[in-house]
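# Close look at the chain arrangement
Residue-level listing of the chains:
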Amino acid sequence: QVQLVESGGGLVQPGGSLRLSCAASGSIFSLYNMGWYRQAPGKQRELVAIITSGSTTTYADSVKGRFTISRDNAKNTVYLQMNNMKPEDTAVYYCNAERFSFQRWGQGTQVTVSS
């Protein structure tokens, strides 16, 4: 089964940028739809972006135009480039892999946007 490890989280100022990475192992990465989700304190986990096995992308309205999801199948890695970040983006960000309704989650990485 695929295993996911997120990295790249941290503290960033409003208007700044951050790039998250999700490294996958243990399965055929290219066959999975990949996604980034986030969960802010006191809120439910929400979808941020999805990139399918065919590289079709979908974004939440709140991040559209600011965030970009991409994948490098040769490196078994999914990225989330976050630009023009806002305090509302503060959350734990989780990587997700999906194939035929099977899902695997990473451990999450904290992103804090604050001045």
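Look up a bit, the structure's there.
Residues numbered from 1 in each chain as written. Predicted model: local features only at pLDDT ≥ 70, side-chain atom pairs only at ≥ 80, totals over all residues. Heavy atoms only, no water.

## Quick notes on the packing of aromatic side chains
Rules: Any two rings among Phe, Tyr and Trp, with Trp reduced to its six-membered ring, count as a pair given centres within 6.5 Å; such a pair is stacked if its planes are under 30 degrees apart, edge-to-face if over 60, and tilted if neither. Helix numbers and strand numbers start at the N terminus; a helix is a DSSP run of H or I with at least 4 residues, a strand a run of E with at least 2. For each residue, the accessible area found with a 1.4 Å probe, counting protein chains only, is set against the maximum for its type, and the residue is called buried under 20%, exposed over 50%, and partly exposed in between. The criterion is that NZ of a Lys, or CZ of an Arg, lies within 6 Å of the ring centre and within 35 degrees of the ring normal, and then a charge sits over that ring.
On inspection of all chains with the given rule, the structure shows one aromatic pair. When the ring of Y37 is compared with that of W105, the centres are 5.0 Å apart and the planes differ by 70°; the resulting orientation is edge-to-face. Highlighted residues: Y37 in strand β4 (residues 33-39) and W105 in strand β10 (residues 102-105), separated in sequence by 68 residues. By relative accessible area, W105 is classed as partly exposed at 29%. The ring centre of Y79 lies 4.0 Å from the NZ or CZ of R19, which sits over that ring. For R71, the ring lying beneath its charged end belongs to F29, and the centroid distance is 4.7 Å.

## What about the state of the cysteines?
Rules: The disulfide definition used here is simple: a pair of cysteine sulfur atoms within 2.5 Å.
Enumeration according to the criterion identifies one disulfide in this entry. Between the sulfur of C22 and that of C95 lies a disulfide, 2.1 Å long from S to S. Classification of the bridge connecting C22 and C95 rests on its S-S torsion, roughly -85°, and on that basis the disulfide is left-handed. Of this pair, C22 sits in strand β3 (residues 18-25) while C95 sits in strand β9 (residues 91-99), and the two are 73 residues apart along the sequence. Of the two residues, C22 and C95, neither departs from the other in class, the shared state being buried.

## Regarding the side chain of R66
Stated formally: We define a polar contact as two N or O atoms separated by no more than 3.5 Å, with the added condition that, inside protein, one atom must be a possible hydrogen donor and the other a possible acceptor, whereas residues neighbouring each other in sequence contribute only through side-chain atom pairs. Any two residues whose heavy atoms approach within 4.5 Å are treated as being in contact.
Residue position: R66 is located in the loop between β6 (57-59) and β7 (67-72). One polar contact links the side chain of R66 to the main-chain carbonyl oxygen of S62, over a distance of 2.9 Å. In contact with R66, other than residues within four places in its own chain, are Q81, M82, N83, N84, M85, K86 and D89.

## Section: the environment of V48
By the secondary structure assignment, V48 is in strand β5 (residues 46-51). What makes V48 buried here is its relative accessible area of 1%. As a C-alpha pair, V48 and T58 span ten residues in sequence and 8.4 Å in three-dimensional space. If sequence neighbours within four positions are ignored, V48 has contacts with W36, Y37, R38, T58, Y59, A60, V63, F67, L80 and Y93.

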